[in-house]
Amino acid sequence: MSKQELRVLGQDEPDGCCAGLLTAPLAEEQAVELAKVFKALGDPVRLRLLSLIASRAGGEVCVCELTPAFDLSQPTISHHLRLLREAGLIASERRGTWVYYRLLPQTTDRLAGALTRAMDGPPPSGAAS
């Protein structure tokens, strides 16, 4: 498994975001960066973890509350959380013994923006009229 660091999307672009996947062809670098984030979301456990964190009232959740939701060991849950953190989807903060996680909405907003088709744009080919 690669140990290269993941860059959060949109931080280098002057307007803070990248062109939408459905509005313009992606540059190779944009495709590589998007693929890294989507790869992090490509596992059902990580997708559930992200959902549990994002839907939490108050915006953050302790790892001690995440672990019982899965039939997995604590080190496995920590591994999945690390991958989500490296992809720029969540942030963590240690408080004493426990680590608290929160969603980084700017990354999920960028993903949503990349997949959103402009309302005035042409319908995708093969779409019903």
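J.: Describe the overall build of the protein, and please don't skip the residues or the numbers.
T.: Of the regular secondary structure elements, the protein holds 5 helices and 3 strands. A separation of at least 24 residues holds for 60% of the contacts in the protein among residues at least 6 apart in sequence. Accessible surface computed for the protein: about 8100 Å², of which carbon and sulfur atoms make up 55%.

J.: Describe the packing of aromatic side chains, listing the residues and the values that go with them.
T.: As enumerated under the stated definition, the model contains 0 aromatic pairs in all. Arg95 extends its terminal NZ or CZ atom over the ring of Tyr100, reaching a point 4.3 Å from the ring centre.

J.: Can you break down the packing of helix H1 (residues 28-41) against helix H5 (residues 105-115) residue by residue, with the values?
T.: Remark: H1 packs on H5, axes separated minimally by 11 Å, with the N-to-C direction vectors making an angle of 110°. Accordingly, the angle class assigned to the pair H1 and H5 is roughly perpendicular. Here Leu34, Val37, Phe38 and Leu41 of H1 lie close against H5, whose contacting residues are Thr107, Leu111, Ala114 and Leu115. For the contact of H1 with H5, the residue count by class is 7 nonpolar, 1 polar and no charged.

The rules behind the values
- Residues numbered from 1 in each chain as written.
- Predicted model: local features only at pLDDT ≥ 70, side-chain atom pairs only at ≥ 80, totals over all residues.
- Heavy atoms only, no water.
- Helix = DSSP H or I, 4+ residues; strand = E, 2+ residues; numbered from the N terminus.
- Contact = heavy atoms within 4.5 Å.
- Areas by Shrake-Rupley, 256 points an atom, 1.4 Å probe, with all protein chains shown as cover.
- Phe/Tyr/Trp six-rings, centres within 6.5 Å; stacked < 30°, edge-to-face > 60°.
- Lys NZ or Arg CZ within 6 Å of the ring centre and 35° of its normal.
- Axes fitted to C-alpha atoms, helices over the stretch in contact; angles between N-to-C directions.
- Parallel < 35°, antiparallel > 145°, perpendicular 65-115°, else oblique.
- Nonpolar A, V, L, I, M, F, W, Y, C, P; charged D, E, K, R; others polar.

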